[in-house]
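Observations on the model geometry
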Amino acid sequence: MTWLETVSVTMDVSKNGFHRDLVTTVYFGPGFPDGLEALLVHRLPSGIYIDQYQLASLKEDTGLQVLLGSEVDLEAPAHTSEEFIVLVYPALDQGSLKATLPIHGRYHKPSLAGKRFELVEIKLPKLILRTDTCTQLISFPPYKIVDSPCTVHNLSICQWLEIQHQQEQDPVSLEIPLGDGSLVEPVCAGTLLVTLLCCAILSRSIWRHGVFLDNVILT
Amino acid sequence: MASIVESVLSKLMNKNVLFTVSFLVRLVLVSFGVYQDRTMVVKYTDVDYHVFTDASKFITQGQSPYHRSTYRYTPLLAWILTPNIYLSHVFGKLLFITCDVLSGHLIYLILRQRGLSCEAACRVCSLWLLNPLPAGVSSRGNAESVITALVLATLLCLELRQLPMAAILYGLAVHMKIYPVTYALPIALSLQRKENVEERRVGWWRKGLGFLLRLLNKELFLFAGVAGVVFCGLTVLFYNMYGWDFLQETYLYHLTRRDIRHNFSPYFYMLYLTADSPWSLALGLAAFLPQALLLLLVSLAFHTDLALCCFLHTAIFVSFNKVCTSQYFLWYLCLFPLVLPRLTLSPKQGVELLALWFAGQGIWLAPAYYLEFEGYNTFLLIWLAGLIFLIINSFIMVQIITHYKPSDTMQRLKAE
């Protein structure tokens, strides 16, 4: 019981721009039980997405173990997308469990109020634990029992114990640039002006140097 | 030092040496790519190659290639790449570099057909064969070289007046990528029967009728018939195999594509800001009209020189398109060597225009990098850079049109 109270989870976002890394670390005190398995249940907002093909390639390169709850559309903008669940099986790394998940920002609707960035908040994941040596779990508050895939191969379902966070960390957030909706008229006018101008200049050049034979109805 | 360089270059301009060296260079790039993918975090192979391979895997398992998300190509491509699964992962790349060198060979044959000497044709060809852009693109696993080979083969067959073969290749090309469909009008105009002297002296409505009758001739029907059978046959075959997904992903997606993410197109920001507005459809149409008008004008003006006509067609199509990525540049770059021999620009002017073209891309790439990888809000700069790039492309096209010396036939027709 007391060892469980030493477990804490922190999360951080590294890199800049639309392509980031979500780094989740699980710290725990001494006395790590044998055969303990950990699973981080991320509920990710609609403002970002995960590339399952990139994950497949990373699995081979770095051993990252991730299960996606549902199909993620790689190209849809944020306002037509939904939250989704990601199951991350962190690996032991220098005395703590760590997982680095590559995430990508979606395009958001242009802002009308001059807002230049959209803040996308990512809540801390739920941490659930299980051990091979203890298959029968008894639920006792504040810990709950949940069912989740035993391993990343998703062949069977096991019972896991949900751990409450000892430290309440604020959700991490990342800024996604937004188009400026208040400029829609000058942008449309400017674009159409330049394209029509280029079209006119090219037409004039083609008209002058083209070999329009007499049998063409226009001449 | 200069004499060593000169002697190397002159040996290189031997046809067999040139083609062997270009193939070997691409082979080295493919091998390096395999090494880099295995050892480094940043991969050499393009994402598209993995998309093709995944789709081929689905086919080997008896399923539809469209189960692979973002596979937006003909099933034919996934079928052709099934040896990626059965033989080796590198088969596709070897196929693409072969098509790339084949494109160079087709350029050589067309130039010879248009009257260039062997040595001059080699020199012009080397602009494609020793060019890092197509070599890099095909060794990274993009399939653009397949379509450039098909388009060049169509043009060669038309030069040789082998109409049935040209029509088969054209039907196949349009099936693989939609953009060659714009060549239909120039090809039709180039196949029209020549006008008689008596036909010149009639009134305008009779001229119009005469024009139509000359256009709708036996050769056009042959070409259209064969190309139509090939295209429709492939469409019906794959529709039966894969249903609506095939039509949606291969054709409809590209025709209705509204990619609001940043790209070279001058319309990108306008389409992003108006994506959900009621004006979106009208603006889409407004963007389409300059493109359509210019394509019509180019067809009517230059159909007597198909290589120039197709080059300008594709360059205009890509520059004025609602979506433009760097892969599209290869579609007209493969036709540029055919246009080059008749340009009266000096080498200095040529290099200046090339530098201007690269500068235009650089002006766009800088704010795009800061947006995507550093998170700065550079949308306005990207928009302006897109407009500048269009202006630069238009300027270069005007220079090419102005300094093009038509063939003797064209000059004679112009003088009459």
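Residues numbered from 1 in each chain as written. Chains lettered and ligands numbered in written order. Predicted model: local features only at pLDDT ≥ 70, side-chain atom pairs only at ≥ 80, totals over all residues. Heavy atoms only, no water.

Chain B carries the name GPI alpha-1,4-mannosyltransferase I, catalytic subunit in an unreviewed UniProt entry, which gives Salvelinus namaycush as its organism. Per UniProt, chain B has the following entry under Sequence similarities (unreviewed entry): "Belongs to the PIGM family." The record held by UniProt for chain B lists under Pathway (unreviewed entry) the comment "Glycolipid biosynthesis; glycosylphosphatidylinositol-anchor biosynthesis." (UniProt positions renumbered as here; feature names shortened; annotations may be inferred.)

In the nomenclature of an unreviewed UniProt entry, chain A corresponds to Phosphatidylinositol-glycan biosynthesis class X protein from the organism Salvelinus namaycush. Among the UniProt annotations of chain A, the heading Sequence similarities (unreviewed entry) holds the following wording: "Belongs to the PIGX family."

1. Re the overall build of chain A
Of regular secondary structure, chain A possesses two helices and 13 strands. Taken over C-alpha atoms, the radius of gyration comes to 26 Å for chain A, far larger than the 17 Å a tight globule of 219 residues would show. Considering only C-alpha atoms, chain A reaches an extent of 95 × 40 × 30 Å along its principal axes. Within the span of chain A, comprising 219 residues, buried residues form 47% of the whole. Put simply, 70% of the contacts in chain A that link residues at least 6 apart link residues at least 24 apart. When the 15 basic and 25 acidic side-chain charges of chain A are each reduced to a single mean position, those positions are 7 Å apart. (Helix = DSSP H or I, 4+ residues; strand = E, 2+ residues; numbered from the N terminus. Rg over C-alpha atoms; globule rule 2.2 N^0.38 Å. Buried < 20%, exposed > 50% of the residue type's maximum accessible area, 1.4 Å probe, protein only. Contact = heavy atoms within 4.5 Å. Lys, Arg positive; Asp, Glu negative; His and termini not counted. Charge placed at Lys NZ, Arg CZ, Asp CG, Glu CD.)

2. Description of the overall build of chain B
When you go through chain B residue by residue, the secondary structure sums to 22 helices and zero strands. For 416 residues, the compact-globule formula gives about 22 Å, and the C-alpha radius of gyration of chain B, at 23 Å, lands near that figure. With the C-alpha coordinates aligned to their principal axes, the bounding extent of chain B is approximately 70 × 65 × 45 Å. In chain B, which comprises 416 residues, the share counted as buried stands at 54%. Look at the contacts in chain B between residues 6 or more apart in sequence, and 71% of them connect residues 24 or more apart. With the model as given, the accessible surface of chain B reaches about 19,000 Å², and the carbon-plus-sulfur share is 68%. Averaging the locations of the 32 positively and 23 negatively charged side chains of chain B gives two centres separated by 5 Å. (Areas by Shrake-Rupley, 256 points an atom, 1.4 Å probe, with all protein chains shown as cover.)

3. Brief notes about the sheet that holds strand β10 (residues 126–131) of chain A
All names here are of chain A. In spatial order, the strands read β5-β6-β3-β10-β12-β11; together these six strands make up an open sheet with antiparallel pairing. On the outer flanks of this sheet lie β5 (65–68) and β11 (144–149), each paired with one strand and no other. Pairwise comparison of adjacent strand axes, ignoring direction, gives a mean angle of 35° for this sheet. One ladder, built from six bridges, connects β11 with strand β12 (residues 157–163); its direction is antiparallel. Note that in β12 the partner of D147 across the bridge is Q159. (Pairing = 2+ DSSP bridges. Axes fitted to C-alpha atoms, helices over the stretch in contact; angles between N-to-C directions.)

4. Digging into unusual backbone geometry
Residues and elements named next belong to chain A. Its identity is not glycine, yet K15 carries a phi of approximately 70°, on the positive side. Take K15: it is sitting in the loop between β1 (8–14) and β2 (19–27). Residue K15 is classed as exposed on the basis of its relative accessible area, which comes to 51%.

5. A look at the pattern of salt bridges
This model, assessed by the stated rule, comprises 17 salt bridges over all chains. When the shortest N-O distance is used, the salt bridge between R114 of chain B and E159 of chain B registers 3.4 Å. Taken together, the positions of R114 of chain B in the loop between α6 (91–113) and α7 (118–129) and E159 of chain B in helix α9 (residues 144–159) put the pair 45 residues apart, joining distant regions of the chain. Of the charged contacts in the structure, one is a salt bridge between E144 of chain B and K177 of chain B, with a shortest N-O distance of 3.7 Å. Taken together, the positions of E144 of chain B in helix α9 and K177 of chain B in the loop between α10 (163–176) and α11 (184–190) put the pair 33 residues apart, joining distant regions of the chain. Across the pair, exposure class does not vary: E144 of chain B and K177 of chain B are buried alike. Connected through shared salt-bridge partners, E75 of chain A together with R72, E249 and R261 of chain B make up one network. (Salt bridge = Lys/Arg side-chain N within 4 Å of Asp/Glu carboxyl O.)

6. Brief notes about the state of the cysteines
Summed over the entire model, instances satisfying the criterion amount to one disulfide over all chains. The side chain of C150 of chain A participates in a disulfide bridge whose partner is C158 of chain A; the two sulfur atoms lie 1.9 Å from each other. Here the S-S torsion is close to 100°, and the disulfide linking C150 of chain A with C158 of chain A is therefore right-handed. For the unlinked cysteine C118 of chain B, the closest cysteine sulfur is that of C122 of chain B, found at 4.7 Å. Given the relative accessible area of 34%, C118 of chain B is considered partly exposed. Between C309 of chain B, a cysteine without a disulfide, and C310 of chain B, which holds the nearest cysteine sulfur, the sulfur-to-sulfur distance is 5.8 Å. With a relative accessible area of 0%, C309 of chain B lands in the buried category. (Disulfide = S-S within 2.5 Å.)

7. Describing the side chain of T274 of chain B
For T274 of chain B, the location among the structural elements is in the loop between α15 (268–273) and α16 (280–302). Taking the relative accessible area as the measure of exposure, T274 of chain B reaches 3% and is therefore buried. Apart from residues lying up to four places away in sequence, T274 of chain B is in contact with V184 and C188 of chain A together with S280 and L283 of chain B.

8. What about the interface of chain B and chain A?
Taken residue by residue, the interface counts 62 residues in chain B and 51 residues in chain A. Summed over both partners, the interface of chain B with chain A buries about 5,000 Å², with 69% contributed by carbon and sulfur atoms. For the interface between chain B and chain A, the tally reads two salt bridges. Between E75 of chain A and R261 of chain B there is a salt bridge whose closest N-O contact spans 3.7 Å. Between the two partners, chain B and chain A, sit 14 residue pairs in polar contact (both at pLDDT 80 or more). Mapped by element, the contributors of at least two residues to the side of chain B that touches chain A are α12 (204–215), α15, α16, α20 (347–374), α21 (379–402) and α22 (408–415) of chain B. At eleven residues, α21 of chain B tops the list of elements feeding residues into the side of chain B that touches chain A. Broken down by class, the residue content of the side of chain B that touches chain A amounts to 36 nonpolar, twelve polar and 14 charged. (Buried area = accessible area lost by both parts, 1.4 Å probe. Polar contact = N/O pair within 3.5 Å; in protein donor to acceptor, adjacent residues only side chain to side chain. Nonpolar A, V, L, I, M, F, W, Y, C, P; charged D, E, K, R; others polar.)

9. Here we look at the packing of aromatic side chains
If you walk through the whole model with that rule in mind, you get 38 aromatic pairs over all chains. Ring geometry for F246 of chain B and Y251 of chain B: centres 5.8 Å apart, planes at 75°, overall edge-to-face. Taken together, the ring pairs in this structure connect Y49, F52, Y66, Y71, Y73, F96, F231, F238, Y242, F246 and Y251 of chain B into an aromatic cluster. Stacked on the ring of W160 of chain A, the Lys or Arg R130 of chain A has its end atom at 5.2 Å from the ring centre. Its guanidinium or amino end placed over the ring of Y53 of chain A, R68 of chain B lies 3.1 Å from that ring's centre, counting from NZ or CZ. (Phe/Tyr/Trp six-rings, centres within 6.5 Å; stacked < 30°, edge-to-face > 60°. Lys NZ or Arg CZ within 6 Å of the ring centre and 35° of its normal.)

10. A short note on the packing of α6 of chain B against helix α8 (residues 132–139) of chain B
Residue and element names in this part refer to chain B. With their axes 8 Å apart at the nearest point, α6 and α8 run at an angle of 155° to one another. Our classification of the angle between α6 and α8 gives roughly antiparallel. Crossing handedness for the pair α6 and α8: right-handed. Residues K93, F96, I97 and D100 of α6 form the contact with α8, whose participating residues are P134, A135, S138 and S139. (Parallel < 35°, antiparallel > 145°, perpendicular 65-115°, else oblique. Left-handed = near helix turned anticlockwise from the far one by under 90°.)

11. Topic: the UniProt feature "transmembrane region" (unreviewed entry) in chain B
Residue and element names in this part refer to chain B. The sites that UniProt annotates as "transmembrane region" (unreviewed entry) are residues 17–35, 220–242, 352–370 and 382–404. End C-alpha to end C-alpha, residues 220–242 measures 32 Å, and it is 100% helix and 0% strand. With 91% helix and 0% strand, residues 382–404 has its two end C-alpha atoms placed 33 Å apart.

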